[in-house]
Every structure is written in structure tokens, then in C-alpha cells.
Amino acid sequence: MPICLARLSKSGLRTMVLGLGLSTGLAGCSTSADVSYGAYSFGPGYEAGRVYENRVYGDTQRGFGSENCRTVLRREVDAYGRASSIEETVCD
């Protein structure tokens, strides 16, 4: 047993373990893991991109879960040179 733990009393050791458990639990209150991939295409007068995301989350409000999202971005230039952009995100 390390010297620092040998000097702690039972209540001090219990407090330290409780504190470590609490800090580990709070670290997991809001966490997520994201995986994403995308595609991009362009041509005369337009650009288009799609990004697909799979997100796994865990927080105290919603619990554990996952959601799949798709973001589509379109940019176009009309015959007069005016640019327009549309971004749309849909999650399941």
C-alpha cells in the first residue's frame, strides 16, 4: 500500500473514494462521441455538400441515446450572378 494511503484514516479514505467517484460521475454528465463523413460536389454555378453524423450522447437530462443527422448545403449562382445558399439539418 502506498505511504499516502497508509496515513489516511478510514473516514479520510472513504471521503477520497467518494470524491473520486463523484468527480468521475460529473465528468460523464455531458459527454458525446461523434462520427461524421461527407461528400462535396460542384459544377458551373453550383456547389453542394452533404455531411452525415452519428452522435452518441449521455447527459443528466436526456440520459444515454444516439441520433443520426444529415446536413445538406446548397449554393447556387443565378444567371445574374446573385448567390444564394440553403443549409438544412435533419436529425432522427
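About the cut-offs
- Residues numbered from 1 in each chain as written.
- Predicted model: local features only at pLDDT ≥ 70, side-chain atom pairs only at ≥ 80, totals over all residues.
- Heavy atoms only, no water.
- pLDDT = per-residue confidence, 0-100.
- Helix = DSSP H or I, 4+ residues; strand = E, 2+ residues; numbered from the N terminus.
- Pairing = 2+ DSSP bridges.

Undergrad: So what exactly am I meant to see when it comes to the confidence of the model for the protein chain here?
TA: Close inspection of predicted coordinates is inappropriate in any region flagged by low pLDDT. Put simply, the protein chain has an average pLDDT of 75, and 64% of its residues get 70 or more. Across the protein chain, strand β4 (residues 83-91) holds the top mean pLDDT of 92, while helix α1 (residues 3-6) sits lowest at 49.

Undergrad: Would you mind going over the pairing of strand β3 (residues 63-77) with me for this structure?
TA: Looking along a regular strand, one sees side chains alternate from face to face of the sheet. Pairing analysis gives 14 bridges linking strand β2 (residues 46-59) to β3, with the strands arranged antiparallel. Across the sheet, Tyr52 pairs through a bridge with Arg70, a residue of β3. Here β2 hands over to β3 after three residues, the two strands then running antiparallel side by side. Here β3 runs beside β4; their pairing, made up of nine bridges, is antiparallel. Across the sheet, residue Thr71 finds its bridge partner in β4, namely Thr89.

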